[in-house]
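# Breakdown of the fold
Single-letter residue listing:
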Amino acid sequence: MKSYLPLIIGMTLVTYIPRLVPLTFLTKKTIGPKTKQFLLYIPYTSLSILIVRGIITAPQDMKLATAVGIGTAGLISYINGNMVLSVFAGIIGSYLIINIFI
Amino acid sequence: MIKNKQIKHEMKEGLLVALPVIIGYLPAAMAFGLLAKNTRIPFIDTILFSMMVYAGASQFMALELIKAGVVNGSIILATFLLNLRHIMMSASLSVHFKKFDRRYLPIVAFGITDETFSVSSFNKERLTLPFVLVFYLLSHISWWLGTIAGYLAGEVLPASLQSSLSVGLYAMFAALLFPEIKKSNQMLLLSIISAIIYTIMHYSKIFAPGWDIILGIIISSSIGIIIFKDEVETVKDVKEVEN
């Protein structure tokens, strides 16, 4: 069987370096208020973009199931804030859609 | 003695905050293990993907590209673009990790994922080194343990459940974001703006494939600075970051 080690090492490096570099270099410097404000928005903008990307890049037969899973998890977490419950509800939601429509 | 007690307490807090991430990771990691097996990736390589790369979305993408026969160089480039957003997350956390012993930063950096980053950002006041180390380490372990479980036993599950497990990753993104936007109308608005901007960028194909995520994050966050210029809420949040 083919070894995927070169690919794994390459992927590891391009993933780890962006995680490492800002953390080690930015801790030395002081950051201006505008930059701080910008960084403060990152969790919201990136999560929102990842969610939308999840739906629009899903395979055609999984689009609805993905959207329903995300919607269910979002709704439950909005109501009671429990992440575990929300994730399970999301999985069950998409499971039901797959079984009903596909 | 008091210091030890404090560290123990912080470690326990780290464990508690890790639990929802662990439980969210397990189904998604199982889905990855299962899919890797179906893509005929050897067992050891599958574990190494989760132990070393440790980035859910790009691991799933890599499987699709491997199946499509794409060469390694292109998969690595696509991974780089997809994970470039971690620069923003790492920069955002650096503000809070300033006080940490610098020797631990390479370990902490390895543990930054969308999920651990989001949970960390939403628990700023608790970010001590023992807290972060326990939280990140347990999250990492659950990712590759879940992968092993999926590879070995995933086939037992019905096919439709197998597909819905992979939705777990996105369900977790939603479960992280929604309680936070409930607290702030500004962040609700900013999240909606980000979603619209990304959608436009994705379908209009203005930028080369892969660049849409990182540019979407930069553009949306910049819009946030422009539209929330003088708002009290934002200023208060920025102050919290400074402390």
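What counts, and where the lines are drawn
Residues numbered from 1 in each chain as written. Chains lettered and ligands numbered in written order. Predicted model: local features only at pLDDT ≥ 70, side-chain atom pairs only at ≥ 80, totals over all residues. Heavy atoms only, no water. Contact = heavy atoms within 4.5 Å. Buried area = accessible area lost by both parts, 1.4 Å probe. Polar contact = N/O pair within 3.5 Å; in protein donor to acceptor, adjacent residues only side chain to side chain. Helix = DSSP H or I, 4+ residues; strand = E, 2+ residues; numbered from the N terminus. Nonpolar A, V, L, I, M, F, W, Y, C, P; charged D, E, K, R; others polar. Patch = residues over 30% accessible without salt bridge, like charges linked within 9 Å, V, L, I, M, F, W, Y side chains within 5 Å. Areas by Shrake-Rupley, 256 points an atom, 1.4 Å probe, with all protein chains shown as cover. Salt bridge = Lys/Arg side-chain N within 4 Å of Asp/Glu carboxyl O. Buried < 20%, exposed > 50% of the residue type's maximum accessible area, 1.4 Å probe, protein only. Phe/Tyr/Trp six-rings, centres within 6.5 Å; stacked < 30°, edge-to-face > 60°. Domains from an automatic or database assignment.

On to the interface of chain B and chain A, then. How big an interface is tends to be expressed through the accessible area that disappears when the partners come together. Counting from both sides, the interface comprises 101 residues of chain B and, opposite them, 72 residues of chain A. Both faces combined, the contact of chain B with chain A buries some 7700 Å², and carbon together with sulfur accounts for 77% of it. Interface area lost by chain B to chain A is led by Lys98, Tyr170 and Ile225 of chain B, which between them contribute 8%. Taken together, chain B and chain A are joined by 14 residue pairs in polar contact (both at pLDDT 80 or more). The element best represented in the side of chain B that touches chain A is helix 9 (residues 159-183) of chain B, accounting for 20 residues. Here the side of chain B that touches chain A is composed, by residue class, of 63 nonpolar, 26 polar and 12 charged.

Here we take up the side chain of serine 191 of chain B. Within the secondary structure, serine 191 of chain B sits in helix 10 (residues 185-204). Filtering out sequence-adjacent residues up to four positions away, serine 191 of chain B remains in contact with Tyr44 and Ser48 of chain A together with Leu177 and Ile181 of chain B.

On the surface, Leu5, Ile9, Leu13, Ile17, Val21 and Phe25 of chain A cluster together into a nonpolar patch covering about 520 Å² of accessible area. Positionally, isoleucine 17 of chain A belongs in helix 1 (residues 5-26).

A word on helix 2 (residues 43-53) of chain B. Burial in helix 2 of chain B covers these residues: Asp45, Thr46, Ile47, Phe49, Ser50 and Val53 of chain B. Close packing links the buried residues of helix 2 of chain B with helix 1 of chain A together with helix 1 (2-38), helix 3 (56-67) and helix 8 (129-153) of chain B.

Bringing unusual backbone geometry into the picture now. All names here are of chain B. Phi angles above zero are rare outside glycine, and arginine 40 is one such case at about 65 degrees. In this fold, arginine 40 is placed in the loop between helix 1 and helix 2. Using a relative accessible area of 67% as the deciding quantity, one classes arginine 40 as exposed. The backbone of lysine 205 shows a phi angle near 55 degrees, a positive value even though the residue is not glycine. Take lysine 205: it is sitting in the loop between helix 10 and helix 11 (211-227). Accessibility expressed as a relative area gives 63% for lysine 205, which makes it exposed.

This part takes up the packing of aromatic side chains. The tally for this structure, following the rule as stated, stands at 13 aromatic pairs over all chains. Where tyrosine 41 of chain A meets phenylalanine 228 of chain B, the ring centres are 5.9 Å apart and the plane angle is 70 degrees; that geometry is what we call edge-to-face. Here tyrosine 41 of chain A is found in helix 2 (residues 33-56), whereas its partner phenylalanine 228 of chain B is found in the loop between helix 11 and helix 12 (232-242) on a different chain. Take phenylalanine 228 of chain B: its relative accessible area is 5%, and that puts it in the buried class.

A separate point is the domain arrangement of chain B. Residues and elements named next belong to chain B. What the domain assignment reports for chain B is domain 1 (2-165) and domain 2 (184-243). Facing 8 residues of domain 1, the contacting portion of domain 2 comprises 8 residues. Approximately 780 Å² of surface area, both sides summed, lies buried where domain 1 meets domain 2, with 83% of it carried by carbon and sulfur atoms. Counting the contacts that link domain 1 with domain 2 gives 0 salt bridges. Between the two partners, domain 1 and domain 2, sit 0 residue pairs in polar contact (both at pLDDT 80 or more). Contributions of two or more residues to the side of domain 1 that touches domain 2 are made by helix 4 (72-83) and helix 5 (85-94). Its residues placed into classes, the side of domain 1 that touches domain 2 shows 5 nonpolar, 1 polar and 2 charged.

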